[in-house]
Amino acid sequence: MAAKEKLEAVLNVALRVPSIMLLDVLYRWDVSSFFQQIQRSSLHNNPLFQYKYLALNMHYVGYILSVVLLTLPRQHLVQLYLYFLTALLLYAGHQISRDYVRSELESGYEGPMYLEPLSMNRFMTALVGQLVVCTLCSCVMKTKQIWLFSAHMLPLLARLCLVPLETIVIINKFAMIFTGLEVLYFLASNLLVPYNLAKSAYRELVQVVEVYGLLALGMSLWNQLVVPVLFMVFWLVLFALQIYSYFSTRDQPASRERLLFLFLTSIAECCSTPYSLLGLVFTVSFVALGVLTLCKFYLQGYRAFMNDPAMNRGMTEGVTLLILAVQTGLIELHIILFIVVASILQSMLEIADPIVLALGASRDK
């Protein structure tokens, strides 16, 4: 049971990270300047420029969808990701089918497959891939009606029946259209699901506000979304991507001074939006909490957790970083980090000071 709860907690954080990354991307993307650049260039006759206001509206719709995904209950969020995974699997199935039809057209062989080893090898490879895709779709959607996900196997069946290659191309297009119609039917049958979810969520919010107030609602959302851990994971993902993008474009190993410069530069690059700055704040808070917890454990052992089970330290360092970053604009990032380290050392001194003073009255050698 404990393992299941831990898995649910991990999923609750991991599945919400993409929504914050989408918010971060939307914040970085300036739609007005994008269309101004198109207007200045030779692409001003591009049809995309004619739909400027539609793109602006879609920009705000993206914000709304990101917030909805961020606040969606975990069960519905998992279901949404499963639907998205099924769509990717169906796309992979049609890619396998299209590649198979293209390879058959290039070979030009229309006879029985068992007489041509290469043709038989291509057929078996595509068949195994299609069966894996159908099985995974059936498992993800939790249904035994595997035929719902097997439309992309029609070209293989047609090739097995020695249908001409030109006809197989038409059958492949029909399979794609049939799958698209299935997806449209599924979307139409679940068209009212977002409305019903929003309606039920509104009722619950009104009830909570009437009974407990806005503060209790905010604290409940804070705990359910695990906001500090969520933003910390989001920032660590950004930082890892920044480091990876640097080393993927460099062939020679960096020196020690270069690594320190890379570390500071990557931190600054990962703080260009309010969302990434909050992520750094919570990351620093957790790092400070870990350092102070180790310090207290080194000085007092397990008694530190018995006497003070809830250590609310570390937030001071995060708030200090946030205030200095807002005031300076991260221009002097190394100075800010030194101040944060000094704050951590001050907190460590506050932990160690009463213990050192008590040693004088202790008879324990």
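Since the model is a prediction, treat every value here as computed from it, not as a measurement.

> If you had to explain unusual backbone geometry to someone new, which residues and values would you point to?
Residues other than glycine seldom take positive phi values, yet Lys142 does so here, at roughly 55°. The topology assignment puts Lys142 in the loop between helix H7 (117–141) and helix H8 (154–160). In this structure, Val226 takes a positive phi of about 50° despite not being glycine. Take Val226: it is sitting in the loop between helix H11 (214–225) and helix H12 (227–248). Val226 sits in the partly exposed class, given a relative accessible area of 27%.

> Which residues make up the UniProt feature "transmembrane region" (unreviewed entry) in the protein, and what values do they have?
According to UniProt, the positions carrying the feature "transmembrane region" (unreviewed entry) are residues 53–73, 80–97, 153–171, 177–198, 205–223, 229–247, 281–299 and 319–345. With 74% helix and 0% strand, the stretch residues 153–171 has end C-alpha atoms that lie 10 Å from each other. Here residues 177–198 is 86% helix and 0% strand, with 32 Å between the C-alpha atoms at its ends.

> So what's going on with the state of the cysteines? Which residues, and what values?
Per the counting criterion, the structure on display carries 0 disulfides. Looking at Cys134, it has no disulfide partner, and the nearest cysteine sulfur is the one in Cys137, 6.6 Å off. Looking at Cys271, it has no disulfide partner, and the nearest cysteine sulfur is the one in Cys270, 6.6 Å off. Judged by its relative accessible area of 8%, Cys271 falls in the buried class.

> If you had to explain the packing of aromatic side chains to someone new, which residues and values would you point to?
Given two aromatic rings, one states the distance between the centres and the angle between the planes to describe the pair. Scanning all chains against the criterion turns up 9 aromatic pairs. Ring centres of Tyr100 and Phe123 lie 6.3 Å apart, and the angle between their planes is 65°; on these two criteria the pair is classed as edge-to-face. Residue Tyr100 is located in helix H6 (residues 74–107), and its partner Phe123 is located in helix H7; the two are separated by 23 residues in the primary sequence. As far as burial versus exposure is concerned, Tyr100 and Phe123 are alike and both buried. The structure contains a cluster of three or more aromatic residues connected by ring pairs, namely Trp222, Phe231 and Phe282.

> Any chance you could break down the pattern of salt bridges for me, citing the residues and the numbers?
For the structure on display, the rule yields 5 salt bridges. Among the salt bridges present, the one from Glu8 reaches Arg74, with a minimum N-O distance of 3.4 Å. Here the residue Glu8 occupies a position in helix H1 (residues 2–14), and Arg74 occupies one in helix H6, the gap between them amounting to 66 residues. Owing to a relative accessible area of 27%, Glu8 belongs among the partly exposed residues under this scheme. The salt bridge involving Glu104 is made with Arg159; its shortest N-O contact spans 3.0 Å. In this pair, Glu104 is assigned in helix H6 and Arg159 in helix H8, connecting sequence segments 55 residues apart.

> Mind laying out the packing of H6 against helix H9 (residues 165–189), listing which residues take part and the relevant values?
At a closest axis distance of 10 Å, the pairing of H6 and H9 adopts a crossing angle of 170°. In terms of their interaxial angle, H6 and H9 are classed as roughly antiparallel. Residues Tyr83, Leu90, His94, Ser97, Arg98, Val101, Glu104 and Leu105 of H6 lie in contact with H9, whose contacting residues are Leu165, Ile168, Val169, Asn172, Ala175, Met176, Thr179 and Phe186. Across the contact of H6 with H9, the residue classes tally to 10 nonpolar, 4 polar and 2 charged.

> Report on the environment of Tyr83, specifying residues and quantitative values.
When you line up the elements, Tyr83 lands in helix H6. Look at Tyr83 and you get partly exposed, because its relative accessible area is 29%. As for Tyr83 and Met141, which are separated by 58 residues in sequence, their C-alpha atoms are 7.6 Å apart. Excluding residues that lie within four positions of it along the chain, Tyr83 makes contacts with Met141 and Phe186.

> Lay out a nonpolar patch on the surface in plain terms, naming residues and giving numbers.
Judged by side-chain polarity, Ile177, Leu181, Val183, Leu184, Phe186 and Leu187 come together as a nonpolar surface patch covering roughly 550 Å² of accessible area. Along the chain, Phe186 turns up in helix H9. You can call Phe186 partly exposed: its relative accessible area is 30%.

Conventions and cut-offs
Residues numbered from 1 in each chain as written. Predicted model: local features only at pLDDT ≥ 70, side-chain atom pairs only at ≥ 80, totals over all residues. Heavy atoms only, no water. Helix = DSSP H or I, 4+ residues; strand = E, 2+ residues; numbered from the N terminus. Buried < 20%, exposed > 50% of the residue type's maximum accessible area, 1.4 Å probe, protein only. UniProt positions renumbered as here; feature names shortened; annotations may be inferred. Disulfide = S-S within 2.5 Å. Phe/Tyr/Trp six-rings, centres within 6.5 Å; stacked < 30°, edge-to-face > 60°. Salt bridge = Lys/Arg side-chain N within 4 Å of Asp/Glu carboxyl O. Axes fitted to C-alpha atoms, helices over the stretch in contact; angles between N-to-C directions. Parallel < 35°, antiparallel > 145°, perpendicular 65-115°, else oblique. Contact = heavy atoms within 4.5 Å. Nonpolar A, V, L, I, M, F, W, Y, C, P; charged D, E, K, R; others polar. Patch = residues over 30% accessible without salt bridge, like charges linked within 9 Å, V, L, I, M, F, W, Y side chains within 5 Å. Areas by Shrake-Rupley, 256 points an atom, 1.4 Å probe, with all protein chains shown as cover.

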